Amino acid sequence: MKFINSNFWDRAFRVVLGTSLITWAFYIEDLYKLAIFAVGFVILATGIVGWCPIYSLFGWNTRTHSKRS
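A short tour of the structure in this document, coming up. As a convention, each chain's residues are numbered from 1 in the sequence order in which they are written. Totals for whole chains, interfaces and linings use every residue, but because this is a predicted model, local features are given only for residues with pLDDT of at least 70 and side-chain atom pairs only at 80 or more, for both listing and counting. Note that water and hydrogens are dropped before the side-chain values are worked out from all heavy atoms of the structure.

### With respect to the overall build of the chain
Along the backbone of the chain there are three helices and zero strands. In sequence order, the secondary structure elements of the chain are arranged as α-α-α. Categorising residues by exposure relies on relative accessible area from a 1.4 Å probe, with only protein chains included: less than 20% of the type maximum marks a residue as buried, more than 50% marks it as exposed, and the intermediate range marks it as partly exposed. Out of the 69 residues belonging to the chain, those deemed buried represent 28%. Contacts spanning at least 24 positions in sequence make up 68% of the contacts within the chain whose residues lie at least 6 apart. By definition, any uninterrupted DSSP run of H or I lasting at least four residues is a helix, any uninterrupted run of E lasting at least two residues is a strand, and each is numbered from the N terminus. Contacts are residue-level and defined by heavy atoms, with any inter-residue pair within 4.5 Å sufficient.

Here it is in structure tokens:
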């Protein structure tokens, strides 16, 4: 796809990190609970979709493109 700018390992790391932050947000009783949940959700969403807005802003792309003949 044209809009995917994250490779497999980048996406897998984001899914694990986002899930961990969301889970952690359920167990803490703090003022920052909503912020941790929101950050975890955004990280998880970018990992699932494969598109990172920060990568697009700076023109970065960690996805390798295979050359087909």
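### Things to note about a nonpolar patch on the surface
Patch membership needs two things, relative accessible area over 30% and no salt bridge, and members are linked within 9 Å if like-charged or within 5 Å if nonpolar (Val, Leu, Ile, Met, Phe, Trp, Tyr). Note on areas: Shrake-Rupley with a 1.4 Å probe; residue coverage comes only from the protein chains shown. A pair is scored as a salt bridge if a Lys or Arg side-chain nitrogen falls within 4 Å of a carboxyl oxygen belonging to Asp or Glu. There is a patch of nonpolar side chains on the surface, built from Phe26, Tyr27, Leu34, Phe37, Phe41 and Val42 and spanning about 720 Å² of accessible area. Sorting the residues of the nonpolar patch by element identifies helix 1 (8–27) and helix 2 (33–49) as the ones contributing at least two each. In terms of residues, the nonpolar patch owes the most to one element, helix 2, which gives four residues. With respect to the secondary-structure elements, Phe37 resides in helix 2.

### Focus: the packing of aromatic side chains
Any pair of Phe, Tyr and Trp rings, taking the six-membered ring for Trp, is counted once the centres come within 6.5 Å. Such a pair is stacked with planes under 30 degrees apart, edge-to-face with planes over 60 apart, and tilted for the rest. Per the stated rule, a full pass over the model turns up four aromatic pairs. Between Phe26 and Phe37, the aromatic rings sit 5.9 Å apart at their centres with planes inclined by 75°, giving edge-to-face as the arrangement. With Phe26 in helix 1 and Phe37 in helix 2, this pair connects stretches of sequence that are eleven residues apart. On the basis of an interplanar angle of 65° and a centroid distance of 5.9 Å, the ring pair of Tyr55 and Trp60 is categorised as edge-to-face. These aromatic residues form a ring-pair network of at least three members: Tyr55, Phe58 and Trp60. Definition used: whenever NZ (Lys) or CZ (Arg) falls within 6 Å of the ring centre and also within 35 degrees of the ring normal, the charge is taken to sit over that ring. Sitting above the plane of the Tyr55 ring, Arg14 keeps its charged end 5.1 Å from the centroid.

### Considerations on helix 1
Here the expected span of a helix is defined as 1.5 Å times the quantity of residues minus one. Taking 1.5 Å per residue as the helical rise, helix 1 with its 20 residues ought to reach 28 Å, and the 29 Å between its terminal C-alpha atoms agrees with that figure. Buried residues of helix 1: Asp10, Arg14, Gly18, Leu21, Ile22 and Ala25, and no others. One side of helix 1 carries all its buried residues, which in axial view fall inside an arc of 95°. Within helix 1, the exposed residues directed more than 90 degrees away from the buried face are Phe8, Trp9, Phe13, Val16, Phe26 and Tyr27. The elements touched by buried residues of helix 1 are helix 2 and helix 3 (53–58). Contacts described as polar in this section are N or O atom pairs within 3.5 Å, which, within protein, must combine one atom able to donate a hydrogen with one able to accept it, while residues neighboring in sequence count only if both atoms come from side chains. Where helix 1 starts, the residue carrying a side-chain oxygen 3.4 Å from the main-chain nitrogen of Trp9 turns out to be Asn7. Starting at the helix axis, one direction is taken to each C-beta atom, and the arc is that of these directions.

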